[in-house]
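# A structural walkthrough
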Amino acid sequence: MDKLISALLHPLISLNVWSEDKGIDVFYLLSAFFAFGIWLVFQRYQRAHNSPLPFKFKVPKEADIGWVSMTIDEPSIDAHTRDDRLMPMIPDHRKFITSFDPATGLHIATTLADDKEAIELKIQKSVAAQKEWKTTSFTQRRRVVRSLLKWLVDNQDLCARVACRDTGKTMIDAALGEILTTCSKMEWLINYGEKYLRPEGRSWNLMLAYKSSEVHYEPLGVVAGLVSWNYPLHNAWSPILAGIFAGNGVVLKCSEQVIWSTTWYIDIIQNCLRACGHDPDLVQVVACLPEEADVLTTSPFIKHITFIGSEEIGRKVAMAATKHLTPVTLELGGKDPAVILPGTDLKKWSSIWMRGVFQNAGQNCIGIERLIVHRDQYDELHAIFQDRATKLRLGSVMAPTDQGYLSPVDCGAMISSHRFDGLEHMIRRAKESAPEDELWVDGGTRYDHVFNEKGCYFLPTVIGPVTNDMEIAQKELFAPVALLMPYENIEDAIDIANGTRYGLGASVFGPDQGLCIQVAKKLECGMVSVNDFGVFYVHLPFGGAKASGYGRFGGPEGLRSLTNPKAIMVDRWPSIAQTGIPKVLDYPIRSLGSSWDFTSGLVQFLYADGWRSRIRGLVTLVKAARK
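Predicted, not measured: the structure shown is a model, and the values here were computed from it. (Residues numbered from 1 in each chain as written. Predicted model: local features only at pLDDT ≥ 70, side-chain atom pairs only at ≥ 80, totals over all residues. Heavy atoms only, no water.)

## Brief notes about the environment of L504
- Locating L504 in the fold gives a position in the loop between β19 (502-503) and β20 (505-509).
- Owing to a relative accessible area of 1%, L504 belongs among the buried residues under this scheme.
- Each C-alpha atom, one on L504 and one on K546, is 8.2 Å from the other, the two residues being 42 residues apart in sequence. (Helix = DSSP H or I, 4+ residues; strand = E, 2+ residues; numbered from the N terminus. Buried < 20%, exposed > 50% of the residue type's maximum accessible area, 1.4 Å probe, protein only.)

In C-alpha cells form, the structure reads like this:
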C-alpha cells in the first residue's frame, strides 16, 4: 500500500527519475516539456491549415415552410410564356426559365437563361481561375471540402428544404438522397482523395530494373458536368467536389427543372472558396435551355464531360463531344432489378424494397423497378406490396394544411406532370396485353391532391405479374411503380434480370450469401448490392453497362478519370546505369546477322520459359555483341 500511495503521489519515483540523493533529474522534465511543446505547435499548425472555415451565405425565404407565392395554373418551365405576371422586368428578346414547386404549383422564380455569350464567358472565368488553383496543395483542397462538410452538417435542414421546394420531394428523401450521400462522398475525399491522386510508383521488369517509374495524376483543366434534376444538391456537389479536388475548374450545367436550387447550392461553394482564399470563379453554373448546351459540350476549353440523364440526350452529348475528342462519362439510367432468391424472408426485406421503389417518388436512377421473385412466393410478395403501397400518403412537406399543420407525407411530388400521359398509357397497354384478369394494377394514375391541386402527384403503383415481353418491363419508368415478375428457377431469374437493354445497378436477396454472390456475378450491370439496396453509391465507382452508359464517377476510378495520368520514368541509379545503344545496334547497322542475333538473344534471355533457355539466350547475346 505504501508503494501504491508513493507512486500516485510521486510518479517520477516509480519511473526511477527521482533520486533521494540527487532529487529530480531535470533532463527528464525538460524532455517532457519539450515534447509537449512540439505537440502543441503541431496541433496549432494542423488547426491553422486544416480546420474548417466559416463563411457567409444567404438564406432563401422561399425555403421557409409555409412560404406562399403565386400559384401557377399549369406549372412548367415555360409557364412565363403563358402568364405575363411571371415575367421579370427584362427585355423580352431573351429566354427565361420558370422555377416552381412541383408539390404545390407555387412560382419560385423566373430566371434569365444563359445564351452563347454568357456560357462562353463562364467557361473563360473558370479557365482563368484554374491556372492558380491547379498549384494548390492537397491540404488546401481538403480544407475547402472540410469547410463545406461542416457547413452542410450544420445547415442540413435548410439544404433539405431548398431541395424539397424545388423538386417536391420529402424531407426524408432529401436527407437520404441529398445530405447523407453528399456528406459520405466528402468524407471519402478528405480521407482518401490524396492517396489516389498523389504520384504512384509502378512495378518493373528485368529489362528495366535500372529504371524507376511513377504515374502522376495531373489536373485536366476545366471539366464540365451536365446533371439531372432528381437530386439537385448531390448531383451538383458530387462532380464539382471531385473536379476541384483533382485540381480542375468546373462548369456545371444543371437541369432547367432545378435552376433555382442548384444556383443556390453552387453559390455556397463559391462563398466557401472565397473564405478559404481562392477564386470563386473556379466553379460556374450554367442555366440554359437544351438548345444552348452545345456551346458547353463542343467547347475546346472543356477537357472532360460527366453526363447524368436520359439515353437520348446522352447520345447527343457524346456526339457533340467528338468535335474536340473530349472524353465523356455517361450515366444514362436503368431498369434495376431486385432478384429475390427462393426461401427469402419477404417480410424481413420488404421495407428495403419499399424504399428502393418509392424513394424520391421513384425518380431514382438506381431505384428498384423490377422485383423478380420465385413463383411460389409471388402471391405473398404481391400481398405485402399491395397492402403497404396503398397506405402511402402523398403531399408536400413545405405546405401546411388549411388547419395550419403539416400532415405526415410518405411520397412527394414528381418533378412535373409532363410524363403522366405516357405513364398511364403504358400501364393501360400492359393491362390490355395480358390475358383477361391476369394482370393486377394498384394505382397507375395521376393523383389530384386535396390541398395541393396544382401539384404533380402520381399514385404509388404495384403491377403484376409482369412478363419480360411487356413494354413496361423494358422501358425505364422513373416513377413510383413496382413491377412484380415471377420466375421458375434461378437461371430464369437471371435471364429476366439481364433481359433489358439497361445495365446500371441491381440487388440480390437471399438466405445464402454465397449463392447471392454467384447470381450477382452473372448480372450484366455495373453495380450489385447483396441483401441491400443502393449502398454501392457512396465510395465505389458508379456507372453501368449496355445502354446505361460507360465510364465511372465516384471512387478512385472516378476521381482519376478527371486527371491526365502521366507516366514518368527515370534512371534508378543515374551515376551507375543508364540506357545506351550497343555498337551492334548502332546506326549504321554493320551486320544484319549480328544485330538479329543480339536482339533475338536478348528476347530469349529475358522471356524464355526456363533458365536453361535463358542462359542460352544470354550466350547468344554476348557472342553477337563481341562481333
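## What to know about the pattern of salt bridges
- Counted under the stated rule, the structure contains 31 salt bridges.
- Where R560 meets E200, a salt bridge forms, and the shortest distance between an N and an O atom there is 3.4 Å. Here E200 lies in strand β5 (residues 200-201) and R560 lies in helix α17 (residues 555-560), a separation of 360 residues in the sequence.
- Given the relative accessible area of 24%, E200 is considered partly exposed.
- Between E369 and K335 there is a salt bridge, and its shortest N-O distance comes to 2.8 Å. Here the residue E369 occupies a position in the loop between α12 (346-358) and β13 (370-374), and K335 occupies one in the loop between β11 (328-331) and β12 (337-340), the gap between them amounting to 34 residues.
- Members of the salt-bridge network, linked through shared partners, are D64, D157 and R161. (Salt bridge = Lys/Arg side-chain N within 4 Å of Asp/Glu carboxyl O.)

## Here's the deal with the nonpolar core
- In terms of nonpolar packing, the biggest core is built from 73 residues, with L148, L152, W237, I244 and F542 touching the most fellow members.
- Here this core gets 9 residues from one element, more than from any other, and that element is helix α9 (residues 259-275).
- Beyond its immediate chain neighbours, meaning those up to four positions away, L148 contacts F55, M186, W237, L241, I268, I269 and C272.
- If you look at the next biggest cluster of nonpolar residues, it comprises 37 residues, including L423, F458, M470 and A473. (Core = buried A, V, L, I, M, F, W, Y, C linked by side-chain atoms within 4.5 Å. Contact = heavy atoms within 4.5 Å.)

## Here's the deal with the environment of I576
- The topology assignment puts I576 in the loop between β24 (563-571) and α18 (592-607).
- Each C-alpha atom of the pair I576 and D410 lies 72 Å from the other, and the pair is 166 residues apart in sequence.

## Some details on the sheet that holds β24
- With respect to topology, 3 strands assemble into an open sheet ordered β5-β6-β24, the strand pairing being antiparallel. Every interior strand has two partners, whereas the edge strands, β5 and β24, have only one.
- One ladder, built from 9 bridges, connects strand β6 (residues 211-219) with β24; its direction is antiparallel. Directly across from K211, in β24, lies its bridge partner D571. (Pairing = 2+ DSSP bridges.)

## Digging into the packing of aromatic side chains
- Counted by the stated rule, this structure contains 14 aromatic pairs.
- On the numbers, 6.3 Å between centres and 40° between planes, the contact of W188 with Y192 is tilted. Taken together, the residues W188 and Y192, both in helix α7 (residues 171-197) and 4 residues apart, mark about one turn of the helix.
- The class for W188 is buried, based on a relative accessible area of 12%.
- The class for Y192 is partly exposed, based on a relative accessible area of 41%.
- On the numbers, 5.3 Å between centres and 85° between planes, the contact of W353 with F509 is edge-to-face. You can see W353 sitting in helix α12 and its partner F509 sitting in strand β20, a full 156 residues away along the chain. There is no split in this pair, since W353 and F509 are both buried.
- Put simply, the rings of F55, F57, W151, W237, W264 and Y265 touch in pairs and so form one group of aromatic residues.
- Just above the ring of Y502 sits the side chain of R501; from NZ or CZ to the centre is 6.0 Å. (Phe/Tyr/Trp six-rings, centres within 6.5 Å; stacked < 30°, edge-to-face > 60°. Lys NZ or Arg CZ within 6 Å of the ring centre and 35° of its normal.)

## So, the state of the cysteines
- Counting across every chain of the model gives 0 disulfides.
- Just so you know, C365 is unpaired, no disulfide at all, and the nearest cysteine sulfur is the one on C525, 13 Å from it.
- Here C365 falls in the buried class, since its relative accessible area comes to 12%.
- Lacking any disulfide linkage, C456 is separated from the closest cysteine sulfur, that of C411, by 15 Å. (Disulfide = S-S within 2.5 Å.)

## As for unusual backbone geometry
- Of note, the amide linkage connecting G464 to P465 takes the cis form, showing an omega dihedral of -5°.
- Mapped onto the elements, P465 comes out in the loop between β17 (461-464) and β18 (481-487).
- In this model, Y587 is joined to P588 through a cis peptide bond whose omega is -10°.
- Following the sequence through the fold, P588 ends up in the loop between β24 and α18.
- Despite not being glycine, A361 shows a phi value in the positive range, around 55°.
- With respect to the helices, strands and loops of the structure, A361 is situated in the loop between α12 and β13.
- For A361, a relative accessible area of 2% gives the class buried.
- At F478, a residue that is not glycine, the phi angle is positive and equals roughly 50°.
- For F478, the position within the fold is in the loop between β17 and β18.

## Description of helix α4 (residues 116-133)
- End to end, α4 covers 26 Å across 18 residues, agreeing with the expected 26 Å (1.5 Å per residue, within 8%).
- Among all positions of α4, only I119, K122, I123, S126, V127, A129, Q130 and W133 are buried. (Expected span 1.5 Å × (residues − 1).)

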